[in-house]
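Topology and contacts: notes
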Amino acid sequence: MNLPEKVFICEVGLRDGLQNEKVMLSTDDKLEILRGFIDAGFPVIEVGSFMHPKKVPQMADTDELFKRIGEIPAGVELRALIPNVRGVQRAVECGCKKVKLNVSASRMHNLKNLNRTPEESVAGFADCVKAAQENNIEISGSISMPFASPWEGRTPIEDVDAIIEAYLKVGINEISLSDASGQAVPNQVYDLCKHVREKYNDASWWLHFHNTRGAAIANILAAMQAGMTRFDASFGGLGGCPFVPGAAGNVSTEDVINMLDEMGIYTGVDVLKVMALSRKVSELLGHGLDSYVLRAGRSKDLIASQAE
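Residues numbered from 1 in each chain as written. Predicted model: local features only at pLDDT ≥ 70, side-chain atom pairs only at ≥ 80, totals over all residues. Heavy atoms only, no water.

A word on the side chain of Thr-253
Spelled out, the test is: By the criteria applied, helices consist of DSSP H or I runs no shorter than four residues and strands consist of E runs no shorter than two, each listed in order from the N terminus. Polar contact is the term for a pair of N or O atoms within 3.5 Å; when the atoms are in protein, one must be able to donate a hydrogen and the other to accept it, and sequence-neighboring residues count only if both atoms are side-chain atoms. Any two residues whose heavy atoms approach within 4.5 Å are treated as being in contact.
Assignment of secondary structure puts Thr-253 in helix α10 (residues 253–262). Within the structure, the side chain of Thr-253 is placed 2.7 Å from the side chain of Glu-11, a separation counted as a polar contact. When sequence neighbours within four positions are dropped, the list of residues in contact with Thr-253 reads Glu-11, Phe-42, Ala-233, Ser-234, Phe-235 and Val-274.

What about the pairing of strand β5 (residues 138–144)?
For clarity, the cut-off: Residue exposure (1.4 Å probe, protein chains only): buried if accessible area is under 20% of the type maximum, exposed if over 50%, otherwise partly exposed. Here, any two strands with at least 2 DSSP bridges between them count as paired.
Summarising burial for β5: six of the seven residues are buried, a large majority. Bridge analysis of strand β4 (residues 98–104) against β5 gives seven bridges, and the strand direction is parallel. Each bridged residue has a counterpart across the sheet, and for Val-103 the counterpart in β5 is Ile-143. Of the pairings in the sheet, the one linking β5 to strand β8 (residues 174–179) comprises four bridges and is parallel in character.

Overview of the state of the cysteines
Stated precisely, the cut-off is as follows: When the sulfur atoms of two cysteines come within 2.5 Å, that pair is taken as a disulfide.
Evaluation of the coordinates by the stated rule reveals zero disulfides. The structure places no disulfide on Cys-10, whose sulfur is separated from the nearest cysteine sulfur, that of Cys-96, by 12 Å. On the basis of relative accessibility, which here comes to 1%, the residue Cys-96 falls in the buried class.

Focus on the packing of α10 against helix α11 (residues 271–285)
The relative placement of two packed helices comes down to the angle between their axes together with the axis-to-axis distance. Convention followed: Every angle, taken between N-to-C directions, lies between 0 and 180 degrees, and every axis is a line fitted to C-alpha atoms, over only the stretch in contact when it is a helix. Throughout, the term roughly parallel applies to angles under 35 degrees, roughly antiparallel to angles over 145, roughly perpendicular to angles from 65 to 115, and oblique to all others. A crossing counts as left-handed when the near helix is turned anticlockwise from the far one by less than a right angle, and as right-handed when that turn is clockwise.
In the contact formed by α10 and α11, the axes pass within 10 Å of each other and the chain directions differ by 165°. Classed by the angle they form, the pair α10 and α11 counts as roughly antiparallel. The way α10 lies across α11 gives a crossing that is left-handed. Between α10, through Thr-253, Glu-254, Ile-257, Asn-258 and Asp-261, and α11, the contact on the second element is made entirely by Val-271, Val-274, Met-275 and Ser-278.

Considerations on the layout of surface pockets
Here is the rule we go by: A pocket, in this scheme, is an open set of points on a 1 Å grid over the protein atoms alone with protein on both sides within 12 Å along at least 5 of 7 lines, while a cavity is a set where a 1.4 Å probe fits but cannot get out; residues line either one if an atom lies within 4 Å of a point. Grid points are joined across faces, edges and corners, and a volume is the space filled by probe spheres set on the points. Classification convention: Asp, Glu, Lys, Arg as charged; Ala, Val, Leu, Ile, Met, Phe, Trp, Tyr, Cys, Pro as nonpolar; all other residues, Gly among them, as polar.
Taken as a whole, the largest pocket spans an internal volume of roughly 260 Å³. Along its surface, the largest pocket is lined by 18 residues, and Phe-50, Met-51, Pro-83, Asn-84 and Leu-114 are the ones closest to its centre. Counting residues per element, the ones that place at least two in the lining of the largest pocket are α4 (85–94), β4, α5 (107–114) and α6 (118–134). The leading source of residues in the lining of the largest pocket is α6, at four residues. Grouping the amino acids of the lining of the largest pocket by side-chain chemistry returns seven nonpolar, seven polar and four charged. Size it by volume and the second largest pocket reaches roughly 160 Å³.

Let's talk about the packing of aromatic side chains
The relation between two aromatic rings is expressed through the spacing of the ring centres and the mutual angle of the planes. As a reminder of what qualifies: Between 30 and 60 degrees the pair is tilted, below 30 it is stacked and above 60 it is edge-to-face, where a pair is any two Phe, Tyr or Trp rings, Trp via its six-membered ring, whose centres lie within 6.5 Å. A ring is scored as having a charge over it whenever the NZ atom of a lysine or the CZ atom of an arginine sits within 6 Å of its centre and within 35 degrees of its normal.
Evaluated as defined, the whole model comprises five aromatic pairs. Relative to Phe-66, the ring of Phe-50 lies with its centre 6.1 Å away and its plane at 40°, an arrangement referred to as tilted. Here Phe-50, found in the loop between β2 (44–49) and α3 (62–68), pairs with Phe-66, found in helix α3; they are 16 residues apart in sequence, far enough to count as distant. With a relative accessible area of 2%, Phe-50 lands in the buried category. Seen from their ring centres, Phe-125 and Tyr-167 are 4.7 Å apart, and the 5° between their planes marks the pair as stacked. You can see Phe-125 sitting in helix α6 and its partner Tyr-167 sitting in helix α7 (residues 157–169), a full 42 residues away along the chain. Grouping residues by exposure puts Phe-125 and Tyr-167 together as buried. Ring pairing ties together the aromatic residues Phe-37, Phe-42 and Phe-235, which thus form one cluster. The ring of Trp-206 carries the charged tip of Arg-79 above its face, separated from the ring centre by 5.5 Å. The positively charged end of Arg-295 is found above the aromatic ring belonging to Tyr-292, 4.8 Å away from the centroid.

With respect to unusual backbone geometry
Despite not being glycine, Asn-136 has its phi angle at roughly 55°, a positive value. Inspection of the secondary structure puts Asn-136 in the loop between α6 and β5. Classification of Asn-136 by relative accessible area gives exposed; the value is 67%. Although it is not a glycine, Met-145 adopts a positive phi angle of roughly 60°. Residue position: Met-145 is located in the loop between β5 and β6 (148–149). Given a relative accessible area of 0%, Met-145 falls into the buried group.

Structural notes on the pattern of salt bridges
Our working definition: A side-chain nitrogen of Lys or Arg and a carboxyl oxygen of Asp or Glu constitute a salt bridge if their distance falls within 4 Å.
Inspection of every chain in the model, using the stated rule, returns 18 salt bridges. One salt bridge in this structure joins Glu-77 and Lys-98, with 3.1 Å as the shortest N-O distance. On the criterion of sequence distance, the pair formed by Glu-77 in strand β3 (residues 77–81) and Lys-98 in strand β4 is long-range, its members being 21 residues apart. Here the salt bridges share partners, and the residues they tie into one network are Arg-15, Asp-16, Glu-46, Arg-79, Lys-100 and Asp-232.

With respect to the side chain of Lys-100
Mapped onto the secondary structure, Lys-100 falls in strand β4. Looking at Lys-100, its side chain comes within polar contact range of the side chain of Glu-46, at 3.1 Å. Contact partners of Lys-100, with chain neighbours within four places excluded, come to Arg-15, Glu-46, Arg-79, Ala-80, Leu-81, Ile-82, Ser-140, Gly-141, Ser-142 and Asp-232.

This is the structure we're talking about:
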């Protein structure tokens, strides 16, 4: 099996994990969690989003988090999701240095999520990129539903290519493929990942899988076999897009890191520290989390306990 020696994990729990929760965590709690993620060794952390606070109230304090985090260690990237040029302006005002645009390959999802058609979103990319570049802010892009959507079914590869080319045209060459509906399956993931790596070899890629139907870990493995090395994950498996029917959580960070650790693939992230943070968040939210490793423990811990 041809797999990478090193994989990069972006922790998205503070944004994609909390945005669908009924309990609103305090800014102080979020700040403590963010600092915990930095200490755990994540190279990239998605802190929140600059969506309108009435639309996603759980993200209303994203600006405050960036203002209060202080000095960021070398090699750590903090990013936030933005919907438009106003999002770039908010990033400038609070000190955020990396933003991410999003457009959906599903027309219905894009309308529900951003109140725009995919074409209207693409038309706004250039202004966002210009504003980011003028303020020395890095910018990346994301494509939701590149595999399938609840409204249209399987996504034609031509639709995905059209959005990729729109990103590249305005100067965005870091792109995330986001299975927000959790409909992707491994052979489809392998084929699309192989296709985009070969056709757009100047771009860099992130993969974002939801575990709605239990296929996320298998999809990550398929993506790695196709040469991908960058993946989003959410502590405790929290998350789910509020604009996708029946959406469940993201793939659990602990489960992904535990699997990679057991496979000898380096992430640089301390899974025990992540597990401790997840348990804390579980208490704050008042419910259990969807992580196998949190429930069963690491395999190596089980073996050690049996040997005592």
